[in-house]
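Architecture at a glance
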Amino acid sequence: MKYRLWNGGVETVYAYSYIERSFYIGGPYDPVTDRDSKGTFTFLTRSGKTFSCRLYWPYGSFSGLTVSMDGTKFFLQGWENGIRCLDVTNGKTVWKNRIRHTRNLLVSEDSLVAVTGDRKLIAMSVQTGKVTAERTGFRRVIDVTEKLCMAVDQEKQCHLAEKDTLETRLALPDPIHDCTIDIVPAGEHLYALTETLSDTIPRHQVYTLRKLALPEGTDPSLWDSRYTTGRWEILREAYGVFIEETAND
């Protein structure tokens with residue numbers, strides 16, 4: 001999953017990729033085109049290398065930038081213009097498609113997963129952008145691990161599904177709160193991170209963790225991931241939440 005931070009531009013921290021962080025600084029307003037001019041994307045790898053390119057970030061990229069797990073590609077969502085895959089080193093287009101009206105884009109090694117405006121859950125190839133799996137009747141999708149996502153259908157039933165095939169591996173007994181922004185495993189449990197407004201401080205966001213109810217006899221090896229520790233470290237930095245505070249809930 002990617003976690004957005006704001007610091008003079010848009011900063012995104014990644015959990016699964018060779019790319020550790022990206023930074024986007026928008027260009028100045030251009031009165032001729034009536035929009036901001038090209039900004040600068042900078043990518044920082046875990047080995048300390050950096051790559052930069054100049055591009056216009058289109059309206060509709062709601063959930064920050066998405067990068068491939070191998071760190072060679074990044075993906076831009078356009079509300080009307082579909083999804084573009086670009087090369088991290090030079091910003092050149094690798095592929096583009098016409099899958100529009102997506103508000104989130106999850107990544108696995110081989111697939112990108114999104115829910116479209118017409119309630120379709122889709123998986124598309126990281127390499128080509130072509131749709132490889134599709135299910136209908138879904139309202140949102142939330143990250144769980146590099147291989148799994150939580151797809152929420154129109155009846156708010158939650159499906160723990162494979163990112164590559166979209167096949168349900170586990171159905172949760174209870175709905176997920178609409179304010180849930182991420183789901184992270186810890187040991188035998190799954191925790192939902194929710195974002196709500198404070199009742200006492202105007203425009204102040206409050207982040208809380210809630211342990212999800214699971215069917216009896218659930219095998220926690222379903223969500224084994226070598227990225228779990230790193231994701232919790234990012235959550236501490238981005239949202240100030242700690243798994244230790246909820247371990248005994």
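Provided above is the structure to which this section pertains.
To keep things clear, this report deals only with the structure shown in the data block. Note that this is a predicted model, so its numbers are computed, not measured.

A closer look at the overall build of the chain
- Broken down by element type, the chain carries one helix and 22 strands.
- In terms of C-alpha radius of gyration, the chain reaches 18 Å, essentially the compact-globule figure of 18 Å for 249 residues.
- If one aligns the C-alpha atoms of the chain with their principal axes, the spans along those axes are about 60 × 40 × 35 Å.
- Buried residues in the chain amount to 49% of all 249 residues.
- Here the contacts in the chain between residues at least 6 apart in sequence split such that 42% fall between residues at least 24 apart.
- Taken together, the 31 basic and 33 acidic charged side chains of the chain have centroids lying 8 Å from each other.

What to know about the environment of Leu-222
- Structurally, Leu-222 is set in the loop between strand 22 (205-211) and helix 1 (228-239).
- Residues Leu-222 and Arg-169, 53 residues apart in the sequence, show an inter-C-alpha distance of 8.2 Å.
- Excluding anything up to four places from it in sequence, Leu-222 contacts Leu-148, Leu-160, Arg-169 and Leu-170.

Considerations on the sheet that holds strand 15 (residues 131-136)
- Strand order in this open sheet of four strands is 12-13-14-15, and the pairing throughout is antiparallel. On the outer flanks of this sheet lie strand 12 (106-107) and strand 15, each paired with one strand and no other.
- Pairing geometry for strand 13 (residues 111-115) and strand 14 (residues 120-125), over five bridges, is antiparallel. Residue pairing across strands places Ala-114 opposite Ile-122, the latter belonging to strand 14.

Observations concerning the side chain of Ser-17
- In this structure, Ser-17 sits in the loop between strand 2 (10-14) and strand 3 (19-25).
- Overall, Ser-17 belongs to the buried group, its relative accessible area being 4%.
- At 3.0 Å, the side chain of Ser-17 forms a polar contact with the backbone nitrogen of Ile-19.
- The residues contacting Ser-17, other than those within four sequence positions of it, are Arg-46, Val-67, Ser-68, Met-69 and Gly-71.

Here we look at the pattern of salt bridges
- Scanning the model with the defined rule gives eight salt bridges in all.
- Glu-11 is the partner of Arg-21 in a salt bridge, and the nearest nitrogen-oxygen pair spans 2.2 Å. Of the two residues, Arg-21 is situated in strand 3 and Glu-11 in strand 2; the sequence distance between them amounts to 10 residues.
- Assessed through its relative accessible area of 10%, Glu-11 is described here as buried.
- Residue Arg-169 is joined to Glu-162 by a salt bridge in which the shortest nitrogen-to-oxygen separation is 2.5 Å.
- Its relative accessible area of 43% is what places Arg-169 among the partly exposed residues.
- Taken together, the shared-partner salt bridges connect Glu-11, Arg-21 and Glu-237 into one network.

As for helix 1
- Given a rise of 1.5 Å per residue, 12 residues ought to cover 16 Å, and the 16 Å separating the end C-alpha atoms of helix 1 matches this to within 8%.
- Every buried residue of helix 1 is accounted for by Thr-228, Arg-231, Trp-232, Ile-234, Leu-235 and Tyr-239. Seen along its axis, helix 1 keeps its buried residues to an arc of 160°; they face one direction.
- Just beyond helix 1, the residue with positive phi is Gly-240, at close to 70°.

What about the side chain of Thr-218?
- Inspection of the secondary structure assignment puts Thr-218 in the loop between strand 22 and helix 1.
- Among the residues examined, Thr-218 registers a relative accessible area of 19% and is labelled buried.
- A polar side-chain atom of Thr-218 sits 2.6 Å from the main-chain carbonyl oxygen of Pro-215.
- If we ignore the near neighbours within four places in the chain, the residues touching Thr-218 are Leu-170 and Trp-223.

Structural notes on the sheet that holds strand 11 (residues 93-96)
- Strand order in the open sheet made by the four strands is 8-9-10-11, with antiparallel pairing throughout. Where the open sheet ends on each side, the last strands, each with one partner, are strand 8 (66-67) and strand 11.
- Of the strand pairs in this sheet, strand 8 and strand 9 (residues 73-78) are connected by two bridges, and their pairing is antiparallel. Among the inter-strand pairings, Val-67 is bridged to a residue of strand 9, identified as Phe-74.

Rules and cut-offs
Residues numbered from 1 in each chain as written. Predicted model: local features only at pLDDT ≥ 70, side-chain atom pairs only at ≥ 80, totals over all residues. Heavy atoms only, no water. Helix = DSSP H or I, 4+ residues; strand = E, 2+ residues; numbered from the N terminus. Rg over C-alpha atoms; globule rule 2.2 N^0.38 Å. Buried < 20%, exposed > 50% of the residue type's maximum accessible area, 1.4 Å probe, protein only. Contact = heavy atoms within 4.5 Å. Lys, Arg positive; Asp, Glu negative; His and termini not counted. Charge placed at Lys NZ, Arg CZ, Asp CG, Glu CD. Pairing = 2+ DSSP bridges. Polar contact = N/O pair within 3.5 Å; in protein donor to acceptor, adjacent residues only side chain to side chain. Salt bridge = Lys/Arg side-chain N within 4 Å of Asp/Glu carboxyl O. Expected span 1.5 Å × (residues − 1). Arc of directions from axis to C-beta.

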